[in-house]
Number of protein chains: 2
Amino acid sequence: MAKPKKTPRPKAETPKGFRDYFGTEVTERADMLGKIAQVYHRYGFEALESSAVETVEALGKFLPDVDRPNEGVFAWQESDDDGNGDWLALRYDLTAPLARVYAQHQNDLPKPYRRYAMGPVWRNEKPGPGRFRQFYQCDADTVGAPSVAADAEICAMLSDTLEVVGIPRGDYLVRVNNRKVLNGVLETMGLTDDAQRDDVLRTIDKFDKVGESGVRELLGKGRLDASGAYIDGVGLSDDQAAPVLAFLTSGGKDAAETLSNLRAAIGRSAVGAEGVDELETIATLLDAQGYADDRILIDPSVVRGLGYYTGPVFEAELTFEIFDEKGRKRQFGSVSGGGRYDDLVKRFTGQSVPATGVSIGVDRLLAALREKGRVGGQVTGPVVVTVMDRDRMADYQTMVAELRNAGIRSEVYLGNPKNFGNQLKYADKRNSPVAIIEGGEEKERGVIQIKDLILGAKIAENATLEEWKERPSQFEVPRSELVAKVREILDSQS
Amino acid sequence: MAKPKKTPRPKAETPKGFRDYFGTEVTERADMLGKIAQVYHRYGFEALESSAVETVEALGKFLPDVDRPNEGVFAWQESDDDGNGDWLALRYDLTAPLARVYAQHQNDLPKPYRRYAMGPVWRNEKPGPGRFRQFYQCDADTVGAPSVAADAEICAMLSDTLEVVGIPRGDYLVRVNNRKVLNGVLETMGLTDDAQRDDVLRTIDKFDKVGESGVRELLGKGRLDASGAYIDGVGLSDDQAAPVLAFLTSGGKDAAETLSNLRAAIGRSAVGAEGVDELETIATLLDAQGYADDRILIDPSVVRGLGYYTGPVFEAELTFEIFDEKGRKRQFGSVSGGGRYDDLVKRFTGQSVPATGVSIGVDRLLAALREKGRVGGQVTGPVVVTVMDRDRMADYQTMVAELRNAGIRSEVYLGNPKNFGNQLKYADKRNSPVAIIEGGEEKERGVIQIKDLILGAKIAENATLEEWKERPSQFEVPRSELVAKVREILDSQS
């Protein structure tokens, strides 16, 4: 008789492109988000937590980013009794749900509605190194405020936020541009063909990578890229391309000069003039609040998102240098972006509602804080009370209860206590600062042994025999002095 | 020519069974979870945030709860190039992912591994009133600790947690039972038929609802339930059923009496004796740490989850009374449950790993805190700086910048400023404590008007004309005193 087939064991793996976060990875992120929430709250923004699941209908199926029109969402069909339920999907950002929330609840929400949201979003993308399909976003948006005072406020808040989480002034720059200025430039160029406008927009988007001369070539005949492939150009003449290049390179020595250069670049375009006026207003408002251009800068070279947004566009860049994976120095780069977008709610209600907002790249900002030593580093684990006599577990539990009641993080070793070496190895794995030992003999004499594990490790590494004798890392103290002595050691370690 | 068909507008709705959380609903939950995390951390537990998405293979497709074997998960199939990718699903709890994480990372994790996790989980259930398909869980588990000292620790931690979040001692009780004792009872009864054992387990699960006499009927011939339907019984004789009822009602005046009753109920069963010994050990350990039975109680009438767990079982109940939706007094009831379960990791590795843990029903606990007045109540909004002159936005922005820099939550009105009444209505909707007014005339004289909106509302409701005159709710102060005066008013309001 054949044996019944065993079901194979399931693989213990996250799905491709997903990962787990452990210990300080979780708590450092939570701490940072808590600090950001405090700033947002002080600016009058209200928390919103929408559901992770939306109808595909409400979400719109694809990402709005022109760069990635084909990247998708995780979606599935509800099974109802007739076998044809709604299609549901995981949210891919926090903006699309905001549109749905605002349209659904507009009668109950204050107008304008300032809200912040933080949480995971999901993208059904091909995963790559350091590129995950679930990640955190942290957004603040103002819905229903047409004035660029709302945009200026977002920029000020972004600047405050970066400083509050630990990026010092001088190590970041919030840069501001305006899509309307670009529209003015295109108008002045006489570019009315939509396809050609899109080509120009896409080319401008490469300014960060290919620079002025690269954009010049790409607007004209084309360009040989680094891989040796020839990229066809938009086909503009040098004269035609000139206003675009003037726009991109119009940054001057101060806001006044930049604005003046921009006015030249837009010619007689009305929408262009409106855009430059808006930038001027933003600069004035921020200046009045004390945000000089070492913190927030009008900068026409900011092109990321210009295709998506409809008015002011902002980007926060960290300006300090790091070494990349190949050991080359480079600027840390962008950690946040945003801008003004129309038609957020129009899809649902038919009415245009102006909105502006910003999204912080939580994981990149955390990486930056680690880089700056503001988070991370060696983390101290709990005090470990070892188990010398398994029948006296109550004694050991009483010790940790005393320590915890004094606010000291601590735990009893709960594995098999037979091998004492394993207990010390465990304490080591936990980065414990202190181990407590109470064998039967100590119990009788009313004492305990306290091991300073940090000092012990240092001595083991460096000390001469003399020093070893002089600076014992293990002390015997009366049982009644447990809390006081542990606290003393913890204080000496910090 | 026919008009091109318009795409109908999407509906602005959450999917059925999902909801959004606004403002304090979000922040109160975050605060509570933060406090819980602090207690867990002090006990040596480490944070874990696993991905929301798991393979169906790793998750197991269905909930382990015997009550609800058919309730499902949200699942979908990955599309790979061949059109047959993995099935993925949203996690339905935080325990199944813990099993996967432990099996996947066991070489890197300390043993035992104490971890806590908090976050949303998803259930593909029929939604009902107050029953949502996305909700928060908050779990702590110890994996790899066979000793019931780990269970006692979880109970102590649960007791501490409830007090830290704001449930006073006396308003809650952690009750402890043990599946092994029940197994001993079943053994003593000679029940070896699996189907009949399951029937008895299911019947015991109804003890909370139908009480002793109900269970007696259901173990015997059957019972007419409240709706008039006849429920078939298990078919045991009175004698056969007696040990089960003795078990359920063996709670005595103290732990010693309860344990003695239990020893009688299990007869000569070895596994039963082991179970009673475990309860005794737990009682001893907790007593040594100062947890008397006004906080943690050995109580054989706890039956929830007895079918699922394999050793000690715990449940935290809030004992104060509330009025239900029909105006009847009832106990608030359970907010947390847990216990010891085997084979957590065995599905993956083939090796049995003992584990014990607890899950807090976050939303129920929040509801309890609201009931106790520990969270909620009137929430003060931001100070609102009104806009009298839209060309002087910089002045108003400067005011809020000053207020914020002093730590005072504040905002400029960013809607259309034309109608001043709308600005005050907005301040009202925001629950603003104070509004600031600076028209052109005030600007010239270097003063501002400060409106105490809380006092204003009180006066409008109650005051006589005399009082109205004596206690003005609007003050004129020099512009330079903005921050000082606002702070003074905020202090007087709190």
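Model, not experiment: these values are computed from the prediction.

Conventions and cut-offs
Residues numbered from 1 in each chain as written. Chains lettered and ligands numbered in written order. Predicted model: local features only at pLDDT ≥ 70, side-chain atom pairs only at ≥ 80, totals over all residues. Heavy atoms only, no water. Helix = DSSP H or I, 4+ residues; strand = E, 2+ residues; numbered from the N terminus. Rg over C-alpha atoms; globule rule 2.2 N^0.38 Å. Buried < 20%, exposed > 50% of the residue type's maximum accessible area, 1.4 Å probe, protein only. UniProt positions renumbered as here; feature names shortened; annotations may be inferred. Contact = heavy atoms within 4.5 Å. Polar contact = N/O pair within 3.5 Å; in protein donor to acceptor, adjacent residues only side chain to side chain. Patch = residues over 30% accessible without salt bridge, like charges linked within 9 Å, V, L, I, M, F, W, Y side chains within 5 Å. Areas by Shrake-Rupley, 256 points an atom, 1.4 Å probe, with all protein chains shown as cover. Salt bridge = Lys/Arg side-chain N within 4 Å of Asp/Glu carboxyl O. Lys, Arg positive; Asp, Glu negative; His and termini not counted. Charge placed at Lys NZ, Arg CZ, Asp CG, Glu CD. Phe/Tyr/Trp six-rings, centres within 6.5 Å; stacked < 30°, edge-to-face > 60°. Least-squares fit on C-alpha atoms with pLDDT ≥ 70 in both. Buried area = accessible area lost by both parts, 1.4 Å probe. Core = buried A, V, L, I, M, F, W, Y, C linked by side-chain atoms within 4.5 Å.

Moving on, we get to the overall build of chain A. A count of helical and extended segments in chain A gives 18 helices and 19 strands. Scaling as 2.2 N^0.38, a compact globule of 494 residues should have a C-alpha radius of gyration of about 23 Å, whereas chain A reaches 30 Å, well beyond that. The principal-axis extents of the C-alpha atoms in chain A amount to approximately 95 × 70 × 55 Å. For chain A, the residues scored as buried account for 52% of the 494 residues in total.

Residue and element names in this part refer to chain A. The positions that UniProt labels "binding site: L-histidine" (unreviewed entry) are, in the present scheme, Asp 93, Leu 94, Thr 95, Arg 123, Gln 137, Asp 141, Arg 304, Tyr 308 and Tyr 309. With respect to the secondary-structure elements, Asp 93 resides in the loop between strand 5 (87-90) and helix 3 (95-105). In this structure Asp 93 comes out as buried when scored by relative accessible area, which is 9%. Apart from the residues within four sequence positions on either side, Asp 93 is in contact with Val 121, Arg 123 and Gln 137. One polar contact links the side chain of Asp 93 to the main-chain amide nitrogen of Thr 95, over a distance of 3.1 Å. Assignment of secondary structure puts Leu 94 in the loop between strand 5 and helix 3. With residues near it in sequence (within four places) discarded, Leu 94 still touches Arg 115, Ala 117, Met 118, Gly 119, Val 121, Gln 137, Cys 138 and Asp 139.

Let's shift gears to a negative patch on the surface. Negative charge collects at one region of the surface, where Asp 254, Asp 287, Asp 293 and Asp 294 of chain A lie side by side. Here Asp 294 of chain A falls in the partly exposed class, since its relative accessible area comes to 43%.

Residues and elements named next belong to chain A. One pass over the structure, following the stated rule, counts 22 aromatic pairs over all chains. Seen in terms of ring centroids, Phe 18 and Phe 74 are 5.9 Å apart; in terms of plane orientation they differ by 40°. Their pairing is tilted. Of the two residues, Phe 18 is situated in the segment before strand 1 (21-22) and Phe 74 in the loop between helix 2 (56-59) and strand 4 (75-77); the sequence distance between them amounts to 56 residues. Given the relative accessible area of 5%, Phe 18 is considered buried. You can call Phe 74 buried: its relative accessible area is 0%.

Looking now at the pattern of salt bridges. For side chains of opposite charge, pairing can occur when their charged atoms come near one another. Throughout the structure, instances matching the rule amount to 78 salt bridges over all chains. Residue Arg 114 of chain A pairs with Glu 153 of chain A through a salt bridge whose shortest N-O separation is 2.9 Å. Placement of the pair is Arg 114 of chain A in strand 6 (residues 113-122) and Glu 153 of chain A in helix 4 (residues 149-165), with a sequence separation of 39 residues. By the burial criterion, Arg 114 of chain A is buried, and Glu 153 of chain A matches it. Residues Glu 476 of chain B and Arg 445 of chain B are paired through a salt bridge, measuring 2.8 Å at the closest nitrogen-oxygen approach. Separated by 31 residues along the polypeptide, Glu 476 of chain B in strand 19 (residues 474-478) and Arg 445 of chain B in helix 15 (residues 440-445) bring together distant segments of the chain. The class of Glu 476 of chain B is partly exposed, set by a relative accessible area of 41%. Overlapping salt bridges bring together Glu 46, Arg 114 and Glu 153 of chain A together with Arg 404, Arg 409, Glu 411 and Arg 430 of chain B as one network.

A word on the relation of the copies chain A and chain B. The two copies are related by a screw motion: chain A maps onto chain B through a turn of 180° and a shift of 0.0 Å along the axis, at an RMSD of 0.1 Å. Considering both components of the superposition, the chain copies are consistent with a two-fold axis. No C-alpha of chain A approaches the rotation axis more nearly than that of Trp 76 of chain A, which lies at 2.8 Å. Same-surface contact between copies: 99% of interface residues of chain A are shared with the interface of chain B.

Here we take up the interface of chain A and chain B. Facing the 91 residues of chain A at the interface are 90 residues of chain B. Together chain A and chain B conceal approximately 7900 Å² of surface at their shared face, both sides included; 54% is due to carbon and sulfur atoms. For chain A, the biggest contributors to the area lost against chain B are Glu 49, Arg 409 and Leu 414 of chain A; these three give 10% of the whole. Applying the counting rule to chain A against chain B returns 14 salt bridges. Here Glu 78 of chain B ties to Arg 133 of chain A by a salt bridge, and the two come within 2.8 Å at their closest N and O atoms. Where chain A packs against chain B, one counts 52 residue pairs in polar contact (both at pLDDT 80 or more). With six residues, the single largest contributor to the side of chain A that touches chain B is helix 13 (residues 393-405) of chain A.

Judged by nonpolar contacts, the single largest core of 128 residues is most densely connected at Tyr 40, Ile 167, Val 200, Phe 247 and Leu 365 of chain A together with Ile 436 and Val 486 of chain B. Broken down by element, this core gets its largest block of residues, ten residues, from helix 4 of chain A. Ignoring anything within four residues of it in the chain, the contact list for Phe 247 of chain A reads Asn 177, Val 181, Leu 182, Val 185, Leu 262, Ala 265, Pro 300 and Leu 306 of chain A. By size, the runner-up hydrophobic cluster in this structure holds 126 residues, among which are Val 26 of chain A together with Ala 150, Leu 162 and Leu 286 of chain B.

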